[in-house]
Amino acid sequence: MTRGSLLTAPAGGHDSESTSGAGATLAVVILVLTQLMFVVDTSIVNVALPDIGRELGFSDTGLSWVVTAYALTFGGLILLSGKVGSMIGPRRALLLGVSVFVIASITGGLATSAEILVAARALQGAGAALAAPSVMVLIMGITDPGPQRSRAMAMFVLAVGAGAAVGLLAGGVLTQTLGWEWVMFVNAPIGLLVLLGALRNLPELPRRRTPLDVGGAAASIVLMVALVFAFTSAADQGWTNPVVLGAFAVAVLSLLLLVVGERRHPHPVMPLAFFASMRSAGPLLSMLVVPAGQVGFLFFTTLLTQQVLGFTPIQTGLALVPFTLGLIATNQLTPRLLPRLGERAIGGTGLAGLVLGITWMASVAADAGPHTSIVTVLLPSVLLGAGAGATFAPVTAVIMHQAPAEHIGAAAGLNQGLQQLGGAMGLAILTSVLATAGGLDHGLEATLLATAAFPLAGLILFGGWARRIPAPEPTHA
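Calculation notes
- Residues numbered from 1 in each chain as written.
- Predicted model: local features only at pLDDT ≥ 70, side-chain atom pairs only at ≥ 80, totals over all residues.
- Heavy atoms only, no water.
- UniProt positions renumbered as here; feature names shortened; annotations may be inferred.
- Helix = DSSP H or I, 4+ residues; strand = E, 2+ residues; numbered from the N terminus.
- Rg over C-alpha atoms; globule rule 2.2 N^0.38 Å.
- Buried < 20%, exposed > 50% of the residue type's maximum accessible area, 1.4 Å probe, protein only.
- Contact = heavy atoms within 4.5 Å.
- Areas by Shrake-Rupley, 256 points an atom, 1.4 Å probe, with all protein chains shown as cover.
- Lys, Arg positive; Asp, Glu negative; His and termini not counted.
- Charge placed at Lys NZ, Arg CZ, Asp CG, Glu CD.
- Axes fitted to C-alpha atoms, helices over the stretch in contact; angles between N-to-C directions.
- Parallel < 35°, antiparallel > 145°, perpendicular 65-115°, else oblique.
- Left-handed = near helix turned anticlockwise from the far one by under 90°.
- Salt bridge = Lys/Arg side-chain N within 4 Å of Asp/Glu carboxyl O.
- Polar contact = N/O pair within 3.5 Å; in protein donor to acceptor, adjacent residues only side chain to side chain.
- Core = buried A, V, L, I, M, F, W, Y, C linked by side-chain atoms within 4.5 Å.
- Domains from an automatic or database assignment.
- Buried area = accessible area lost by both parts, 1.4 Å probe.
- Expected span 1.5 Å × (residues − 1).
- Bend = angle between axes of the 7 residues up to and from the residue.

- As recorded in an unreviewed UniProt entry, the protein chain goes by MFS transporter and comes from Micromonospora musae.
- What UniProt states about the protein chain under its Subcellular location (unreviewed entry) heading is, verbatim, "Cell membrane".

Rendered as structure tokens:
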């Protein structure tokens, strides 16, 4: 998913497979629709969370698993799935991933228990992880460099930018009119349309044999799941509970296995060279913590608006749409400012906007009551969206520029994976903060303030260690 994809796409494509005219346009539309479906699914469930919690009996802390289960498998498997796609062919990987995604969506809509829904969300994330890397590969492979590819990229950017707004609005409308189940069921007709279109219009590209680091991917997933489970369980059972301590022990063991395995594997999913110095590790770690603040903001603002302020699902969706509008506006402006101001200045400003926006929402939570209007929620949403739009492109650009040449592909996958995993980890920690601070009735202000600490950490990491990307040297004929 994601915002950094355009910065990491290869400059060339498989020109032998490129096409033109209506056939290429239709193929690009199918791929953009696929990307839109995955982006929408990261936000569409947010507005439905209160209804899901009431109907399936989730606790306040357990409800976060509806979001984190998807992010964990998406973020964890995307480190490996790009290589799988190159081995079996990107078209085949996309078809298989979307099929899994559709089956999981139907299963989630039919869920009668919290456990079934969480398992379905995890399966959705696995399907998205398998298909998502192939979207960009296929776009590059079926378009010619120049105007055709530029139009395709513009459509891709629009899907990425508009996806969150579409998800929030659609989630509100579907939840209020048809029921929360339809935030899951809606993926079925869209996914089937993608599958039929892909079968008829997408060519297969050449396959490439690359060694798979299955052990590294498995260890990283176990590490993240164990940590998320430990933090989430600690909110309900206490930090000294044997299950919680056991989960932390599994996380430590997985980390050790990951480090040992990655040192030995010739093509690791997480090259340790990225973390050899803070100059390269700082921007990567900031990409881990920044999404935690963004996901936490959307999650807890949804609970604030519906369960404290009494907004309807549609009102909640409308209140959060300015977040995406602000993101799109600054995301379009940022590329024009980067050459003049530099990545650290633009990214630092965006991160400061995230901190201020979340802190502003914490003050809204402190004074929340019957008198609170929807406008009060709109304003911090705009600021936070504008900050997000100015953050991701500069941070991604620095990560890719500082990556060793032999690890460019791994850096692209790690960049996307960290965004998903950071959101999952952050939400697990913040749900523990919510329980400790007094739950929804008394703890939202403190929890949102804790949420602001994540982009603040990102500001310190990125501002302290990011280096400006030098301008390319002029070429002479």
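### Re the overall build of the protein chain
Link 1 in the chain: Counting secondary structure elements, the protein chain contains 18 helices and 0 strands.
Link 2 in the chain: For the protein chain, the C-alpha radius of gyration of 21 Å lies close to 23 Å, the compact-globule estimate for 477 residues.
Link 3 in the chain: Structurally, the protein chain occupies a C-alpha span of about 65 × 45 × 45 Å along its principal axes.
Link 4 in the chain: Relative to its full complement of 477 residues, the protein chain shows a buried share of 56%.
Link 5 in the chain: Here the contacts in the protein chain between residues at least 6 apart in sequence split such that 85% fall between residues at least 24 apart.
Link 6 in the chain: Total accessible area on the protein chain is roughly 18700 Å²; 68% of this is exposed by carbon and sulfur atoms.
Link 7 in the chain: One finds the centroid of the 20 positive side-chain charges in the protein chain at a distance of 13 Å from the centroid of its 19 negative side-chain charges.

### Points about the packing of helix 9 (residues 214-237) against helix 10 (residues 242-264)
Two quantities define a packed helix pair, namely the angle between the axes and the distance from one axis to the other.
Link 1 in the chain: For the pair helix 9 and helix 10, the least separation of the axes is 8 Å and the interaxial angle reads 160°. The orientation of helix 9 relative to helix 10 falls into the category roughly antiparallel. Viewed along their axes, helix 9 and helix 10 form a crossing whose handedness is left-handed.

### A closer look at the environment of phenylalanine 462
Link 1 in the chain: On the secondary structure map, phenylalanine 462 appears in helix 18 (residues 444-465).
Link 2 in the chain: Overall, phenylalanine 462 belongs to the buried group, its relative accessible area being 0%.
Link 3 in the chain: Taking the C-alpha atoms as reference points, phenylalanine 462 and leucine 130, 332 residues apart in sequence, are found 30 Å from one another.
Link 4 in the chain: Those residues in contact with phenylalanine 462, other than ones at most four positions away along the chain, are Pro283, Ser286, Glu343, Arg344, Gly347, Gly348, Leu351, Pro394, Val395 and Val398.

### With respect to the pattern of salt bridges
Link 1 in the chain: In this structure the tally under the stated criterion is 2 salt bridges.
Link 2 in the chain: Note that aspartate 41 is salt-bridged to arginine 121, the shortest N-O span being 2.7 Å. Remark: arginine 121 occurs in helix 5 (residues 114-142) and aspartate 41 occurs in helix 2 (residues 21-56); sequence separation between them is 80 residues.
Link 3 in the chain: Notably, a salt bridge pairs arginine 54 with aspartate 51, separated by 2.6 Å at the nearest N-O pair. In this pair, arginine 54 and aspartate 51 both sit in helix 2, 3 residues apart, roughly one turn of the helix.
Link 4 in the chain: Here aspartate 51 falls in the partly exposed class, since its relative accessible area comes to 21%.

### Observations regarding the environment of asparagine 187
Link 1 in the chain: One can find asparagine 187 in helix 8 (residues 187-201).
Link 2 in the chain: Setting aside residues no more than four positions away along its own chain, asparagine 187 makes contact with Met37, Asp41, Phe101, Val102, Ser105 and Gln124.
Link 3 in the chain: Polar side-chain contacts of asparagine 187 include one of 2.8 Å to the side chain of aspartate 41.

### Here's the deal with the nonpolar core
Link 1 in the chain: Counting residues in each nonpolar core, the largest one holds 93 residues, and the members touching the most others are Ile52, Phe58, Val66, Leu117, Phe297 and Phe300.
Link 2 in the chain: Considering each element in turn, this core owes the most residues, 12 residues, to helix 16 (residues 408-437).
Link 3 in the chain: Residues within four places of phenylalanine 58 in sequence aside, it is in contact with Ile52, Gly53, Leu63, Val66, Ala114, Leu117 and Val118.
Link 4 in the chain: Grouped together as the second largest cluster of nonpolar side chains are 35 residues, Ile30, Leu31, Phe38 and Ile139 included.

### Quick look at the side chain of aspartate 41
Link 1 in the chain: Judged by its relative accessible area of 0%, aspartate 41 is buried.
Link 2 in the chain: Excluding residues that lie within four positions of it along the chain, aspartate 41 makes contacts with Tyr70, Phe101, Arg121, Gln124, Val183 and Asn187.

### As for the domain arrangement of the protein chain
Link 1 in the chain: Its domain assignment divides the protein chain into domain 1 (22-201), domain 2 (214-268) and domain 3 (273-469).
Link 2 in the chain: Each of domain 1 and domain 2 was reduced to a C-alpha centroid, and the two centroids are 26 Å apart.
Link 3 in the chain: In this complex, domain 1 contributes 11 residues to the contact, which on the side of domain 2 involves 13 residues.
Link 4 in the chain: Between domain 1 and domain 2 lies a buried interface of about 870 Å² when both sides are counted; carbon and sulfur atoms form 74% of it.

### Thoughts on helix 12 (residues 313-341)
Link 1 in the chain: For helix 12, spanning 29 residues, the distance from its first C-alpha to its last is 40 Å, which sits close to the expected 42 Å at 1.5 Å a residue.
Link 2 in the chain: Where helix 12 bends most, the angle comes to about 40°, and this point is proline 335.
Link 3 in the chain: The first or second residue beyond helix 12 is glycine 342, which carries a positive phi of 95°.

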